[in-house]
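Fold and geometry: a report
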Amino acid sequence: MAVVQHSPYEYLYNHTGLPVRVAFGLTEHTSAVAIRNFLLEKTPQLEGGRDLAMALEGTAEHVFETVPHARNLRVMVLMVTGSVEAQEERLVRAATEVKCKGYFLVVLGVGERLSAGDARVLTRVASEPADVFFKRVNKDAGFYEDYIQ
């Protein structure tokens, strides 16, 4: 497992550095306890913006394609908390390219800020069948519901 945050401030506004910041890569932690501890204690939230299309492309390029022993099964879980409808064309194009390279995209629309238009776009981003790979979660407790698990 790897955790990637996207659109760091320096990339979004100055176009310097990478479009994603890897909190930890695929080979850095070997247990669920180590991952949990890292997420709780050592993962700062970035002050940047949102560029989901670039996040997809950057994660494929800088995380999956640089690992020493490439995995056959490549899954990206996107947790989307804000509007994406304005970037629909670019986002769907990036998602299609990544899916054509063999990645599965699981999309979780988190929070009540997502509109019906955002849900429609995210359904197009998720792998097929979209009713399996795209889910909406309105509250923290929603992550524990059976249909998400």
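Residues numbered from 1 in each chain as written. Predicted model: local features only at pLDDT ≥ 70, side-chain atom pairs only at ≥ 80, totals over all residues. Heavy atoms only, no water.

**Topic: helix α5 (residues 116–125)**
For α5, every residue scored as buried is listed here: Gly-117, Asp-118, Ala-119, Val-121, Leu-122 and Val-125. For α5, the elements touching its buried residues are α3 (52–62), β3 (74–80), α4 (88–100), β4 (103–110) and β5 (134–137). Structurally, the start of α5 carries an N-cap: the backbone nitrogen of Gly-117 is 3.3 Å from a side-chain oxygen of Ser-115. (Buried < 20%, exposed > 50% of the residue type's maximum accessible area, 1.4 Å probe, protein only. Helix = DSSP H or I, 4+ residues; strand = E, 2+ residues; numbered from the N terminus. Contact = heavy atoms within 4.5 Å. Polar contact = N/O pair within 3.5 Å; in protein donor to acceptor, adjacent residues only side chain to side chain.)

**Remarks on the packing of α4 against α5**
Interaxial distance between α4 and α5 falls to 9 Å at its minimum, and their mutual angle equals 20°. Here α4 is positioned roughly parallel relative to α5, judged by the angle of their axes. For the pair α4 and α5, the crossing hand works out as right-handed. Packed against α4, whose contacting residues are Glu-88, Leu-91, Val-92, Ala-95 and Lys-99, the element α5 presents Arg-120, Val-121, Arg-124 and Val-125 at the interface. Split by residue class, the contact of α4 with α5 holds 5 nonpolar, no polar and 4 charged. (Axes fitted to C-alpha atoms, helices over the stretch in contact; angles between N-to-C directions. Parallel < 35°, antiparallel > 145°, perpendicular 65-115°, else oblique. Left-handed = near helix turned anticlockwise from the far one by under 90°. Nonpolar A, V, L, I, M, F, W, Y, C, P; charged D, E, K, R; others polar.)

**Digging into the pairing of β4**
Counted residue by residue, β4 has 6 buried out of 8 residues, so it is predominantly covered. Pairing of β3 with β4 involves 7 bridges; the strand directions are parallel. Residue pairing across strands places Met-79 opposite Leu-108, the latter belonging to β4. Running through α4, the crossover from β3 to the neighbouring parallel element β4 is right-handed. Relative to β5, β4 runs parallel, the two sharing 4 bridges. When the sheet's bridge partners are listed, Val-110 is paired in β5 with Val-137. (Pairing = 2+ DSSP bridges. Right-handed = clockwise from strand over helix to strand, strands pointing away.)

**Structural notes on the environment of Ala-119**
Locating Ala-119 in the fold gives a position in helix α5. Here Ala-119 falls in the buried class, since its relative accessible area comes to 13%. The spatial distance from the C-alpha of Ala-119 to the C-alpha of Glu-85 is 8.5 Å, given a sequence separation of 34 residues. With near-sequence residues (within four places) excluded, Ala-119 lies in contact with Phe-134 and Arg-136.

**Structural notes on the packing of aromatic side chains**
Within this structure, the stated rule accounts for 1 aromatic pair. Directly above the ring of Tyr-103 sits Arg-74, whose terminal nitrogen or CZ lies 4.4 Å from the centroid. (Phe/Tyr/Trp six-rings, centres within 6.5 Å; stacked < 30°, edge-to-face > 60°. Lys NZ or Arg CZ within 6 Å of the ring centre and 35° of its normal.)

**Observations concerning the pattern of salt bridges**
This structure, assessed with the given rule, holds 4 salt bridges. Measuring nitrogen to oxygen at the nearest pair gives 2.7 Å for the salt bridge that ties Arg-120 to Glu-88. With Arg-120 in helix α5 and Glu-88 in helix α4, this pair connects stretches of sequence that are 32 residues apart. Owing to a relative accessible area of 16%, Glu-88 belongs among the buried residues under this scheme. One salt bridge connects Glu-89 with Arg-93, and the closest N-O pair in it is separated by 3.8 Å. With a gap of 4 residues between them, Glu-89 and Arg-93 both fall in helix α4, about one helical turn apart. By relative accessible area, which is 44% here, Arg-93 ends up partly exposed. (Salt bridge = Lys/Arg side-chain N within 4 Å of Asp/Glu carboxyl O.)

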